[in-house]
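Now for the letters of each chain:
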2 protein chains.
Amino acid sequence: MASPKVPPTTVQRLPLYLRCLVQASAMHMPVVNSLQIAEMAGTNAAQVRKDLSYLGEFGTRGVGYDVDSLITHLSKQLGLTESRRVAIVGFGRLGSALQSYPGFEERHMRVVAVFDADPAKIGTQVDGVTVESVDDLEVVVKQTDVEIAILAVPGAFAQDIADRLVAAGVRAIMNFAPVRLHVPEGVEVRQADLAGELQVLSFHLNPRRASV
Amino acid sequence: MASPKVPPTTVQRLPLYLRCLVQASAMHMPVVNSLQIAEMAGTNAAQVRKDLSYLGEFGTRGVGYDVDSLITHLSKQLGLTESRRVAIVGFGRLGSALQSYPGFEERHMRVVAVFDADPAKIGTQVDGVTVESVDDLEVVVKQTDVEIAILAVPGAFAQDIADRLVAAGVRAIMNFAPVRLHVPEGVEVRQADLAGELQVLSFHLNPRRASV
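Along each chain, numbering runs from 1 in the same order as the chain's sequence is written. Note on labels: chains are lettered from A, ligands numbered from 1, in written order. The predicted origin of the model limits local features to residues at a pLDDT of at least 70 and limits the giving and counting of side-chain atom pairs to 80 or more, whereas totals for whole chains, interfaces and linings rest on all residues.

## A short note on the overall build of chain A
When helices and strands are tallied, chain A shows 8 helices and 9 strands. If one aligns the C-alpha atoms of chain A with their principal axes, the spans along those axes are about 60 × 50 × 30 Å. Three exposure classes are used, based on other C-beta atoms lying within 10 Å of a residue's own C-beta, which is placed from the backbone: buried for 20 or more, exposed for 12 or fewer, and partly exposed in between. With 212 residues in all, chain A has 40% of them scored as buried. We call two residues in contact when their backbone-placed C-beta atoms lie within 7 Å. Restricting to contacts in chain A with at least 6 residues of sequence separation, those with at least 24 account for 55%. Only DSSP runs of H or I reaching four residues or more are called helices, and only runs of E reaching two or more are called strands; each is numbered from the N terminus.

Given below as structure tokens:
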């Protein structure tokens, strides 16, 4: 589903650039250059210029990028001109940690629905959102107009829940269950792999890797 | 800190390949080809061949890769021939969700220490690990020989805790706090950015992105 024009690795850096620009704006910087963005984002200036050029943003040579207009442009590209409506399915420790994760709201992600299968949790209120029964998934997803679903259910249930979400019209899923989901064309899945993230760190700790 | 030989994007895919190979082994497949790995990993065969060639693994033309020896080789490259010793700092909802995250153990990540600042939590036992006071961070990190630390503390405390971890000898940090950490050369940080992940999904939902 990625636009053929914008490589996935570039898309992955856009939220970071947006965050850096919002910081720059908060510090009352009207203009930033690619080197400044790169330093905040932990990349290099050539990469920043290349990434932004995919979006048709070239800045002004010798001056830089206008912060506010670049924020507006990036927000549009990321579809964040208004908040995205997010559901969390599975309200165990991870699901509830995600619901209270700081910075979703300010980054235009609004949790509008939460689901669990545990009768003890269903009906309770958390930060203004009622925990709904997973049996009512389809109805509530449609009612609350969910755009992005976060799956925080045990692996054995993940595919079934994903199928139901897709049938209810959800086209973007963030999956924390340690299983690979199969979804139809046109549905975007991002797989959280926390153990894999730690393994990448392990690679960098490893002196043996030099000896290939 | 990445080896100049292996690009970061390749390193990032290695844990996924390893996971696919372990699945293949569990299904009693003695040999897999690059197309089979690609299908399991959700990438393409040319990418798999290129990535593995960085590790000096070329397989056998027309046959494929020996599953067990590739598992051994990848595990060595990722420094996973024995379990990595992991600490979780911050034992709130996210920290405790991470401690009980399924699949850390089987993927060679062993939580050996957990820290919090809340007196009500300190001293309690969770899955065989005692919650330690964050005041004792340096002592316990050294005693338990922590290699990788997971930061699940509020943003305001993250840099201070990171400094103390680094001073105590930790060279790899996974940061869930929504702040950018500054660490000395030789220390590897991975920044978890859950809101950013959702924003990448949002990009794919956005029809406006085509109009650049």
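So, next bit.
## Re the domain arrangement of chain A
Here the bounds of each domain stem from an automatic or database domain assignment. The domain architecture assigned to chain A consists of domain 1 (8-77) and domain 2 (84-196). Placing a centre on the C-alpha atoms of domain 1 of chain A and another on those of domain 2 of chain A gives a separation of 31 Å.

## Points about the relation of the copies chain B and chain A
Superposing chain B onto chain A takes a rotation of 180 degrees plus a shift of 0.0 Å along the axis, which leaves an RMSD of 0.0 Å. Taken together, the rotation and translation describe the operation of a two-fold axis. A share of 100% of interface residues in chain B that are also interface residues in chain A marks the association as one of identical surfaces. Least-squares superposition aligns the copies on the C-alpha atoms of those residues with pLDDT at or above 70 in both.

## Considering the sheet that holds strand 6 (residues 129-133) of chain B
All names here are of chain B. Paired strands, as defined in this entry, are two strands with at least two bridges between them according to DSSP. Here we have 7 strands laid out as an open sheet, ordered 5-6-4-3-7-8-9, and mixed in their pairing. Of all the strands in the sheet, the pair left with one neighbour each is strand 5 (125-126) and strand 9 (188-191). Inspection of the sheet shows strand 3 (residues 84-89) paired to strand 7 (residues 148-151) by 4 bridges, in the parallel sense. Bridge assignment links Ile88 to a residue of strand 7, and that residue is Ile150. This element, helix 7 (residues 155-167), spans strand 3, strand 7 and strand 8 (172-175) of the sheet and lies at about 170 degrees to strand 7. Note on method: axes are straight lines fitted to C-alpha atoms, helices fitted across the in-contact stretch only, with angles between N-to-C directions ranging 0 to 180 degrees.

## Describing the packing of helix 1 (residues 8-26) of chain A against helix 4 (residues 67-77) of chain A
All names here are of chain A. The geometry of helix 1 relative to helix 4 is characterised by a closest axis approach of 10 Å and an angle of 150 degrees between their N-to-C directions. As judged from the angle between their axes, helix 1 and helix 4 are roughly antiparallel. Where helix 1 crosses over helix 4, the handedness of that crossing is left-handed. Where helix 1 approaches helix 4, its residues Leu14, Tyr17, Leu18, Leu21, Val22, Ala24 and Ser25 are matched on the opposing element by Val67, Asp68, Leu70, Ile71, Leu74, Ser75 and Gln77. Residues that form the contact of helix 1 with helix 4 fall into these classes: 10 nonpolar, 3 polar and 1 charged. Small angles under 35 degrees read as roughly parallel and large ones over 145 as roughly antiparallel, with 65 to 115 read as roughly perpendicular and the rest as oblique. The hand of a helix crossing depends on one turn: near helix anticlockwise from the far one by less than a right angle means left-handed, and clockwise means right-handed. Nonpolar residues are Ala, Val, Leu, Ile, Met, Phe, Trp, Tyr, Cys and Pro. Charged residues are Asp, Glu, Lys and Arg, and all others, Gly as well, are polar.

## Brief notes about the sheet that holds strand 4 (residues 109-116) of chain A
Read from one edge to the other, the open sheet built from 7 strands follows the order 5-6-4-3-7-8-9 (chain A), with strand pairing classed as mixed. Of all the strands in the sheet, just strand 5 (125-126) and strand 9 (188-191) of chain A have a single pairing partner and so form its edges. Against the sheet, helix 7 (residues 155-167) of chain A contacts strand 3 (84-89), strand 7 (148-151) and strand 8 (172-175) of chain A, and its axis sits at roughly 170 degrees relative to strand 7 of chain A. Contacts from helix 8 (residues 194-205) of chain B reach strand 3, strand 4, strand 7, strand 8 and strand 9 of chain A, with the element oriented near 155 degrees to strand 8 of chain A.

## What about the interface of chain B and chain A?
Across the contact, 57 residues belong to chain B and 57 residues belong to chain A. Mapped by element, the contributors of at least two residues to the side of chain B that touches chain A are helix 1 (8-26), helix 4 (67-77), strand 3, helix 5 (93-99), strand 8, strand 9 and helix 8 of chain B. Among the elements that line the side of chain B that touches chain A, the one with the most residues is helix 8 of chain B, at 12 residues.

## A few points about the pairing of strand 4 (residues 109-116) of chain B
All names here are of chain B. Most of strand 4 sits inside the fold, with 6 of its 8 residues counted as buried. Two elements, strand 3 and strand 4, share 6 bridges in a ladder whose sense is parallel. The residue bridging Ala87 from the neighbouring strand is Ala113, located in strand 4. Traced from strand 3 through helix 5 to strand 4, the parallel crossover comes out right-handed. Examined bridge by bridge, strand 4 and strand 6 share 3 bridges and lie parallel to one another. Counted as the bridge partner of Asp116 is Ser133 from strand 6. Handedness rule for crossovers: strands pointing away from the viewer, path from the first strand over the helix to the second running clockwise, crossover right-handed.

## So, the environment of Ser75 of chain B
All names here are of chain B. Here Ser75 is to be found in helix 4. By the C-beta count within 10 Å, which is 19 here, Ser75 ends up partly exposed. Between the C-alpha atoms of Ser75 and Tyr65, which are 10 residues apart in sequence, the distance is 15 Å. Other than its neighbours up to four places away in sequence, Ser75 contacts Leu18, Leu80 and Thr81.

## Observations regarding the confidence of the model for chain A
One confidence number per residue, pLDDT, is output by the predictor and ranges from 0 to 100. On average, residues of chain A score 90 in pLDDT, and 96% of them are at 70 or above. If you check the scores for this complex, the pTM reads 0.81 and the ipTM reads 0.86.

## Considering helix 4 of chain A
Those residues of helix 4 of chain A that fall on the buried side of the exposure criterion are Val67, Leu70, Leu74 and Gln77 of chain A. Each buried residue of helix 4 of chain A sits inside an arc of 90 degrees when the element is viewed along its axis, so together they form one side. Those residues of helix 4 of chain A that are buried lie in contact with helix 1, strand 1 (31-32) and strand 2 (65-66) of chain A together with helix 8 of chain B. An arc is given here, and it is the one of the directions from the helix axis to the C-beta atoms.

## Considering the pairing of strand 7 of chain A
Residue alternation in strand 7 of chain A divides its side chains into two sets, Ile148 and Ile150 of chain A and Ala149 and Leu151 of chain A, and both sets are buried. This β-α-β element, strand 7 of chain A to helix 7 of chain A to strand 8 of chain A, shows right-handed connectivity.

## Quick notes on unusual backbone geometry
Residues and elements named next belong to chain B. A positive phi angle is found at His28, which is not glycine, with a value near 60 degrees. Structurally, His28 can be placed in the loop between helix 1 and strand 1 (31-32). On the basis of neighbour counts, which here come to 7 C-beta atoms within 10 Å, the residue His28 falls in the exposed class. Residues other than glycine seldom take positive phi values, yet His108 does so here, at roughly 70 degrees. Here His108 lies in the loop between helix 5 and strand 4. Look at His108 and you get buried, because 20 C-beta atoms sit within 10 Å.

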